[in-house]
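This is what each chain is made of:
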Amino acid sequence: MKTEWTLKILWGSLLLAGLAFPLVASAMEMEDCLGCHSEIDVVGEALLVDAVKFEHTVHAELGCATCHSSVTDEHPDDGAAVSRADCLDCHQEVGDQYMQTAHAENATCGDCHDPHQAHGLDAVSASDMNEQCSQCHENAAVVEQHSEWLPQASLHIAKLPCITCHTSSEEYKIVLHISQKQEDRALSGYEISKYEDLKVYSGAKEIKGLIDINKDNFISLAELRTFNLNPAYKALHLDGTLFPSEASHDLTTLDNRYDCSFCHASGPGSMQTSFLALPTPDGSFARIDVEEGAVLDALYGTPNFYMTGSTRSASLNIIGFIIICCGFIMPIGHGTLRFLTRKNRKH
Ligand code: HEC
Ligand code: HEC
Ligand code: HEC
Ligand code: HEC
Ligand code: HEC
Ligand code: HEC
Ligand code: HEC
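Residues numbered from 1 in each chain as written. Chains lettered and ligands numbered in written order. Predicted model: local features only at pLDDT ≥ 70, side-chain atom pairs only at ≥ 80, totals over all residues. Heavy atoms only, no water.

### Points about the overall build of the protein
Just so we agree on the cut-off: Secondary structure follows DSSP: runs of H or I at least 4 residues long count as helices, runs of E at least 2 residues long count as strands, and numbering of each begins at the N terminus. The buried label goes to any residue with under 20% of its type's maximum accessible area, the exposed label to any with over 50%, and the partly exposed label to all in between, with areas taken from a 1.4 Å probe on protein chains only. To be clear on the numbers: accessible area is Shrake-Rupley with a 1.4 Å probe, and residue cover counts the displayed protein chains and nothing else.
When helices and strands are counted, the protein shows 17 helices and six strands. Residue burial in the protein is summarised as follows: out of 347 residues, 37% are buried. Accessible surface computed for the protein: about 20,200 Å², of which carbon and sulfur atoms make up 58%.

### Looking at the coordination of the iron atom of ligand 2
Defined as follows: Any N, O or S atom lying within 2.8 Å of the metal counts as a donor, with the limit raised to 3.2 Å for Na, K and Ca; because water is left out of the atom set, some sites can appear incomplete. Geometry is assigned from donor-metal-donor angles: four donors are tetrahedral when every angle falls between 85 and 135 degrees, four are square planar and six octahedral when opposite donors sit over 155 degrees apart with all other angles between 65 and 115, and any other arrangement is irregular.
Within the first shell, the iron atom of ligand 2 binds the protein through His37 (NE2) and His75 (NE2), at distances of 2.0 Å. Around the iron atom of ligand 2, the six donor atoms sit at angles spanning 85 to 178°, and that spread fits a shape best called octahedral. Highlighted residues: His37 in helix H2 (residues 30-37) and His75 in the loop between helix H5 (64-67) and helix H6 (87-90), separated in sequence by 38 residues.

### Looking at the coordination of the iron atom of ligand 5
Protein coordination at the iron atom of ligand 5: the donors are His103 (NE2) and His137 (NE2), at 1.9 to 2.0 Å from the metal. In this structure, the iron atom of ligand 5 is coordinated by six donor atoms arranged in octahedral fashion, with angles at the metal of 89 to 178°. Within this pair, whereas His103 is found in the loop between helix H7 (92-99) and helix H8 (109-112), its partner His137 is found in the loop between helix H9 (126-134) and helix H10 (139-146), the two being separated by 34 residues in sequence. According to the relative accessible area criterion, His137 is partly exposed, its value standing at 44%.

### Brief notes about the site of ligand 5
Formally: A single heavy atom is enough: if one lies within 4 Å of a molecule or strand, its residue is considered near that molecule or strand. Distance and chemistry together define a polar contact, namely a pair of N or O atoms within 3.5 Å, with one atom able to donate a hydrogen and the other to accept it when in protein, and with adjacent residues in sequence counting only for side-chain atoms on both sides. Charged residues are taken to be Asp, Glu, Lys and Arg, nonpolar residues to be Ala, Val, Leu, Ile, Met, Phe, Trp, Tyr, Cys and Pro, and polar residues to be all remaining types, Gly included.
In the vicinity of ligand 5 there are 13 residues, among which His103, Asn106, Cys133, Cys136 and His137 approach most closely. A distance of 2.8 Å separates a nitrogen atom of ligand 5 from a polar atom in the side chain of His103. His137 places a side-chain nitrogen or oxygen 2.8 Å from a nitrogen atom of ligand 5. Elements with a contribution of two residues or more to the shell around ligand 5: H8, H9 and helix H12 (162-166). Residues belonging to the shell around ligand 5 are distributed by class as follows: six nonpolar, six polar and one charged.

### Considering a negative patch on the surface
What counts is decided by this rule: To count toward a patch, a residue needs a relative accessible area over 30% and no salt bridge; like charges are then connected within 9 Å, while nonpolar side chains (Val, Leu, Ile, Met, Phe, Trp, Tyr) are connected within 5 Å. Definition used for salt bridges: Asp or Glu carboxyl oxygen within 4 Å of a side-chain nitrogen of Lys or Arg. Neither His nor the chain termini are counted; the positive set is Lys and Arg, and the negative set is Asp and Glu. Charge placement uses NZ in Lys and CZ in Arg. For Asp and Glu, CG and CD serve respectively.
Together, Glu29, Glu31, Asp32 and Glu55 give the surface a local cluster of negative charge. Assignment of secondary structure puts Asp32 in helix H2.

### As for the nonpolar core
Formally: Working definition of a nonpolar core: buried Ala, Val, Leu, Ile, Met, Phe, Trp, Tyr and Cys residues. They are joined through side-chain atoms within 4.5 Å. Working rule for contacts: check all heavy atoms of both residues, and any pair within 4.5 Å makes them a contact.
Leu176, Ile178, Leu238 and Leu276 are the most contacted members of the largest nonpolar core, which totals 26 residues. Only strand S1 (172-181), helix H14 (221-229), strand S4 (236-244), strand S5 (274-279), strand S6 (285-290) and helix H15 (294-300) provide two or more residues apiece to this core. Top contributing element to this core by residue count: S1, with four residues. Look past the residues within four positions of Leu276 in its chain and what remains in contact with it is Leu176, Ile178, Ile211, Ile219, Leu238, Ala286, Arg287, Ile288 and Val290. In terms of nonpolar packing, the next biggest core, distinct from the first, is built from nine residues, Val124, Ala126, Ile163 and Phe243 among them.

### Considering H2
Formally: The arc in question is formed by the directions pointing from the helix axis toward the C-beta atoms.
If you check which residues of H2 are buried, you get Met30, Cys33 and Leu34. The arc that holds the buried residues of H2, viewed along the axis, is 95°, so those residues lie on one side. In this structure, the buried residues of H2 make contact with helix H4 (51-55) and H5.

### Concerning the pattern of salt bridges
Any two side chains of opposite charge can pair, on the condition that their charged atoms come close. Overall, the coordinates contain three salt bridges when judged by the stated rule. Taking the shortest distance from any N to any O, the salt bridge between Lys159 and Asp239 comes out at 3.1 Å. Pair noted here: Lys159 is in helix H11 (residues 153-159) and Asp239 is in strand S4, with a separation of 80 residues, a long-range link. Assigned by exposure class, Lys159 and Asp239 land together as buried. The salt bridge partner of Glu171 is Lys173, with a shortest N-O separation of 3.7 Å.

Shown next, in the form of structure tokens:
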């Protein structure tokens, strides 16, 4: 009786495995494929797969041949075309949602995602995501279009993921990145620090330790402040922005995104949830929880906090002043982020 069940389960799981991972024509392993496909001299630019980036995706667990099942042991000498899996074979739910949007006529999954570098929302920065969009929505045109109603459109477009305003999500989170001054940059002059940039500061130690002093994988208000006030890090700066909690694919324009107070106000409780996103060696990001409400606390706990005059340029000050006069309260965008970055603006 017992063995019968064991057998059934065994057959069952074999069958399931067979369904999920169609039998493949090749015994080649991922390492074999990458042996050629990560070498530009062997396969040329167009067929190159970045081995480090691929190995850090969840897709790597599938192995190459799961998605390229027609590949044979004689490849590439057989000259046969290699099959490519359809994203929808495995991502039916995302597909169902996306295919209903008007946008589905304009872009396929592969236009926005490289299957060999696919990451989830929590492992990418706003600028990485926006690069996907700017392949078709040319940045200057987007800025111009948005500046009809959005002051500082170029700053907003640079700092916010397009999908914060163009997809729906039940909740939104504040995500902090460490950035540093780039002399060659126009706009605000700060760019998100890469892993190697932060290694310069942390030396042999983990870069996490720059902020997470007690290494408990949690950033407290005190740790945020300590980081911010440390003169050794004066070229670094914390940049916060608003991310959707989930990556939905219902690309649309959300009505309430004209409403400045959606972001520039003390906001609903959910927005008090924040993360620090630290760069990893493969170019993606790993998030660490920040103390609930710490970002807002940092703001309200500071008696000498001010907004106008703390901005980077005269024109921003004027706009800031006009906004205050118009009665907008903007602690989240300016307050928190301004507070967290104020040391950089003092000099
Ligand atoms: C999750 C599925 C998936 C996995 C895993 C996968 N690929 Fe792909 N691959 C695709 C798809 C889909 C395309 C077609 C992309 C396109 O046309 O935009 C593709 C395209 C390619 C191409 C053509 C060049 C290109 O980038 O369009 C090569 C070469 C390739 N894959 C090699 C590999 C190798 C080597 C591995 C393992 C290291 C691998 N693939 C793993 C899905 C996958
Ligand atoms: C010995 C080196 C080598 C190995 C190993 C190798 N490839 Fe290739 N692959 C090539 C070359 C060279 C080409 C270009 C062939 C051509 O243009 O005729 C190619 C082409 C491809 C293409 C594009 C061909 C098309 O039909 O569009 C894919 C996809 C691909 N390989 C996937 C794989 C996968 C998956 C593996 C492992 C299972 C693998 N390759 C192993 C050298 C290799
Ligand atoms: C053979 C099955 C399979 C195919 C084909 C496939 N994926 Fe995936 N993909 C997965 C699995 C499994 C995961 C991890 C669980 C999840 O997020 O659904 C995943 C995760 C992802 C993620 C999130 C990665 C992360 O770290 O959270 C993205 C983005 C993604 N896939 C995009 C694509 C795109 C685009 C295609 C088509 C080019 C594709 N996938 C084809 C199986 C597949
Ligand atoms: C217009 C651009 C765009 C198109 C088209 C698109 N995606 Fe995405 N997708 C995104 C963005 C932006 C994210 C956020 C994370 C990222 O950038 O990788 C994302 C995230 C994902 C994720 C991870 C979800 C998570 O919870 O983090 C999966 C899986 C995914 N996409 C699959 C697909 C599939 C399958 C298709 C085709 C049906 C598709 N995407 C088409 C832009 C797009
Ligand atoms: C492969 C090209 C392509 C990519 C990539 C792409 N789009 Fe589009 N998108 C289009 C085209 C074409 C249109 C229709 C013409 C237009 O309005 O510019 C469009 C329309 C839109 C619209 C207005 C129509 C609507 O559905 O409300 C929005 C908003 C939009 N895209 C946002 C995005 C965002 C956000 C991204 C990145 C996550 C993105 N697009 C990536 C091609 C693309
Ligand atoms: C602060 C919120 C916000 C951000 C960030 C944002 N958008 Fe928009 N976007 C809007 C709103 C609101 C509209 C509708 C404007 C209108 O009706 O004139 C819009 C309109 C558009 C349109 C034109 C839609 C149409 O009906 O013609 C496109 C395309 C678009 N956005 C793409 C993008 C891209 C790409 C990005 C990122 C680079 C982006 N947006 C960032 C809020 C935003
Ligand atoms: C989706 C969220 C979002 C929306 C909606 C939004 N903003 Fe912003 N805003 C931001 C972020 C994030 C920044 C960048 C803060 C920083 O890093 O300095 C910003 C910056 C600004 C700045 C630059 C001033 C400075 O301190 O550098 C002004 C002015 C501004 N917003 C006004 C507005 C107005 C007016 C509206 C409504 C028409 C609006 N914003 C809508 C998120 C938003």
